[in-house]
Amino acid sequence: MAEALLEIDALTKRFGGVMASDAISLALSRGELHALIGPNGAGKTTLIGQLTGEIAPDSGRIRFEARDVTALPVYRRSQIGLARSFQIASLFVEFTALDNVALAVQAHAGHSFRFWRAARCEPELRAPARDALLRVGLAARADVPVTALSHGERRQLEIAMALATRPRLLLLDEPMAGMGPEESARLVETLRQLKGGLTILLVEHDMDAVFALADRISVLVYGRIIASGDPAAIRADAAVREAYLGEQDGVRREGRHEAPHG
Amino acid sequence: MSEWRKDWRHGPWSPRIVVNAGLVTVLALVPVYAAFAGDPFAMTLFSRILIMAIAALSLNLIMGFGGMVSFGHAACLGIGGYAVGILAKEGIGSGFVQWPVAVVASAIYALVVGALCLRTRGVYFIMITLAFAQMVYYVASGLDRYGGDDGLTIYHRSQFGPFDLNNATLFYYLCFALLLASIYLVWRIVNSRFGLVIQGARSNEPRMRAVGFPTFRYRLVCFVIAGALCGLAGALLANHTNFISPAMMHWTRSGDLIVMAVLGGMHAMFGPLIGAMAFLLLEQGLSHVTDYPDLILGPLLLIVAIYVNGGIDGLLGGPRRG
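The rules behind each value
- Residues numbered from 1 in each chain as written.
- Chains lettered and ligands numbered in written order.
- Predicted model: local features only at pLDDT ≥ 70, side-chain atom pairs only at ≥ 80, totals over all residues.
- Heavy atoms only, no water.
- Helix = DSSP H or I, 4+ residues; strand = E, 2+ residues; numbered from the N terminus.
- Rg over C-alpha atoms; globule rule 2.2 N^0.38 Å.
- Buried < 20%, exposed > 50% of the residue type's maximum accessible area, 1.4 Å probe, protein only.
- Contact = heavy atoms within 4.5 Å.
- Phe/Tyr/Trp six-rings, centres within 6.5 Å; stacked < 30°, edge-to-face > 60°.
- Lys NZ or Arg CZ within 6 Å of the ring centre and 35° of its normal.
- Salt bridge = Lys/Arg side-chain N within 4 Å of Asp/Glu carboxyl O.
- Buried area = accessible area lost by both parts, 1.4 Å probe.
- Polar contact = N/O pair within 3.5 Å; in protein donor to acceptor, adjacent residues only side chain to side chain.
- Disulfide = S-S within 2.5 Å.
- pLDDT = per-residue confidence, 0-100.

## Concerning the overall build of chain B
Check the secondary structure of chain B and you find 12 helices and four strands. A globule of 322 residues ought to have a C-alpha radius of gyration of about 20 Å, and chain B, at 19 Å, matches this closely. Overall size of chain B, expressed as C-alpha extent along the three principal axes, is 55 × 45 × 40 Å. Taking all 322 residues of chain B together, the buried fraction comes to 55%. Taking all contacts inside chain B whose residues are at least 6 apart in sequence as the whole, residues at least 24 apart take part in 77%.

Okay, here's the thing in structure tokens:
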């Protein structure tokens with residue numbers, strides 16, 4: 001296996017009596033798209049939160065590029081190349097789409113103790129921001145205020161902001177949630193293009209997208225990873241079928257996915 | 001090119017620009033009116049408006065643009081005033097010493113208070129800023145050498161070489177120039193990289209951190225800038241009234257500043273000036289009519305706060321600058 005970009009070692013987080021993360025260990029190798037699936041409440045978002053630093057784990061270690069980042073504050077992790085998109089779009093609603101992405105660019109363009117020049121006129125912030133919008137297909141909506149964007153467009157903007165920080169690891173928390181089929185299809189296409197250049201951890205309920213994109217899949221149930229492997233292995237895994245795919249709508253989708261093969 | 005220039009898309013004669021330009025013109029002509037009408041009180045009143053507008057502007061930087069609602073901003077006004085008064089009492093009359101001391105002292109106060117308060121949010125932030133301001137208030141009340149509760153008369157205004165601040169016209173235009181410079185300064189700050197970070201942190205601070213900004217230090221620096229600017233207003237106020245007292249920093253004064261900023265329009269560059277003018281003129285006008293001007297001012301503010309989004313400036317419609 002290629003050298004690991006992210007190594008999670010026995011990460012544990014308890015909320016009262018609930019084990020949100022139960023000694024999770026996982027390694028992401030450089031350039032892979034790793035999907036994390038599991039029923040609602042399995043602890044997927046909690047895991048993402050610990051990776052970005054918003055939630056402090058009770059125990060365990062997170063190593064990013066062989067460096068222990070377990071205690072690093074959120075903004076430092078972003079600065080060294082960890083980016084996330086939020087499950088519920090979290091944007092600067094007073095600003096335009098381009099302003100939002102330009103802020104993400106600015107965060108990674110040195111310090112912001114610059115008090116005089118009009119930041120909205122700085123090409124070194126605006127041009128990369130426009131590029132990121134272009135990559136997610138939002139270029140035409142650059143000057144539209146966030147309040148006027150559709151749900152799907154806000155999700156795309158989330159991803160554009162994450163891309164604008166030029167991350168090495170992209171954490172996508174259900175990027176397709178609530179998207180229409182066309183928007184989903186376009187996002188799958190966007191992710192396919194990003195694949196390879198970026199390491200991606202994708203949390204997603206849309207099994208079509210997951211099985212179409214993922215190099216490897218891990219299944220999280222009640223805070224524990226019950227299986228990890230390539231899509232074919234996961235599909236064949238008895239424990240996964242029983243614990244997750246068998247009970248969830250995933251099996252129907254998966255069935256549809258498998259239909260052409262008989 | 002310049003994307004912020006889109007704000008001018010309503011043409012050079014949008015209502016807001018006309019009103020703001022008219023306001024500046026009227027303010028520039030107040031001394032002329034006072035001289036012709038033989039109305040020196042107009043000079044006193046409008047000098048006060050200009051000074052309070054600077055204070056409200058500084059509050060608006062942290063409150064309107066930064067989302068930091070300080071209920072103790074008058075402490076900076078008082079510290080600036082006391083810096084001038086105490087130095088004057090001790091025989092240091094030069095404005096070149098007094099004013100920088102006023103600004104730096106207020107900035108240091110803001111640094112200390114901000115470093116503690118900015119770890120809290122919402123109501124806690126409001127209450128802690130208030131608590132610190134009350135501490136300063138009681139310290140000032142206990143300064144027996146500088147008048148204690150009764151306050152201290154300043155016998156000589158700050159000395160700036162050949163410029164005599166006792167000349168009411170000169171003092172007025174000094175306040176006027178400082179206000180315009182402050183508005184320009186705040187406008188530049190708000191639209192700079194720093195200003196966007198401040199506004200982003202108001203809008204969605206967790207997201208700012210997730211995207212890579214250490215927000216605390218930016219908010220703190222913003223708090224210090226606002227404190228310094230308010231310290232300057234305090235130095236002007238002490239010279240204006242020739243008097244300092246703890247009343248300058250009573251919590252109701254902090255409330256007045258909030259009212260001015262909200263009344264004028266929090267996200268507008270000229271909002272604090274409009275608010276200070278409306279507030280002080282109303283207060284003055286109503287005091288001729290009734291002994292209880294607050295009975296009318298209070299409901300009026302409620303109406304503006306509830307029904308007029310964006311304060312008086314909001315009535316002008318169109319895009320906002322900043």
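Following the structure, the description resumes.
## Description of the packing of aromatic side chains
Under the criterion given, the structure shown has 17 aromatic pairs over all chains. Ring centres of Phe113(A) and Tyr218(B) lie 4.4 Å apart, and the angle between their planes is 25°; on these two criteria the pair is classed as stacked. Highlighted residues: Phe113(A) in the loop between helix 3 (97-107) and helix 4 (123-136) and Tyr218(B) in helix 8 (residues 215-241), drawn from two different chains. When the ring of Phe115(A) is compared with that of Phe194(B), the centres are 4.5 Å apart and the planes differ by 45°; the resulting orientation is tilted. With one member in each of two chains, Phe115(A) in the loop between helix 3 and helix 4 and Phe194(B) in helix 7 (residues 193-210) form a pair that bridges those chains. The exposure class assigned to Phe194(B) is buried, which follows from its relative accessible area of 0%. Chaining the aromatic ring pairs together yields one cluster made of Phe113(A), Phe115(A), Phe194(B), Phe213(B) and Tyr218(B). One Lys or Arg, Arg157(B), reaches over the ring of Phe171(B) and ends 4.6 Å from the middle of that ring.

## With respect to the pattern of salt bridges
Enumeration according to the criterion identifies 24 salt bridges over all chains in this entry. Measuring nitrogen to oxygen at the nearest pair gives 3.3 Å for the salt bridge that ties Asp22(A) to Arg224(A). With Asp22(A) in strand 2 (residues 18-29) and Arg224(A) in strand 10 (residues 224-229), the pair connects residues that are 202 residues apart, well separated along the chain. Relative accessible area serves as the criterion here: at 19%, Asp22(A) is assigned to the buried category. With a shortest N-O distance of 3.3 Å, Arg61(A) and Asp68(A) are connected by a salt bridge. Counted as one network, the salt bridges with shared partners bring together Arg117(A), Glu122(A), Glu124(A) and Arg193(B).

## Here's the deal with the interface of chain B and chain A
Listed as interface residues are 31 residues of chain B and, on the opposing side, 40 residues of chain A. Taken together, both faces of the contact between chain B and chain A bury some 3,200 Å²; the carbon and sulfur share is 60%. Inspection of the region where chain B meets chain A yields three salt bridges. A salt bridge links Arg207(B) to Glu158(A); the shortest N-O distance between them is 2.9 Å. Where chain B packs against chain A, one counts 21 residue pairs in polar contact (both at pLDDT 80 or more). Going through the elements one at a time, helix 6 (168-191), helix 7 and helix 8 of chain B are the ones with two or more residues in the side of chain B that touches chain A. With 13 residues, the top contributor of residues to the side of chain B that touches chain A is helix 7 of chain B.

## A word on the state of the cysteines
Residues and elements named next belong to chain B. Summed over the entire model, instances satisfying the criterion amount to zero disulfides over all chains. The closest cysteine sulfur to the non-disulfide-bonded Cys-76 is located on Cys-230, 5.3 Å from its own sulfur. Relative accessible area serves as the criterion here: at 4%, Cys-76 is assigned to the buried category. The structure places no disulfide on Cys-175, whose sulfur is separated from the nearest cysteine sulfur, that of Cys-230, by 14 Å.

## Let's talk about the confidence of the model for chain B
Any residue range with low pLDDT should be treated as having predicted coordinates unsuitable for detailed reading. Here chain B averages 91 in pLDDT, and 95% of its residues register 70 or above. When the elements of chain B are averaged for pLDDT, helix 11 (residues 294-307) of chain B gives the smallest value, 83, and helix 8 of chain B the largest, 98.

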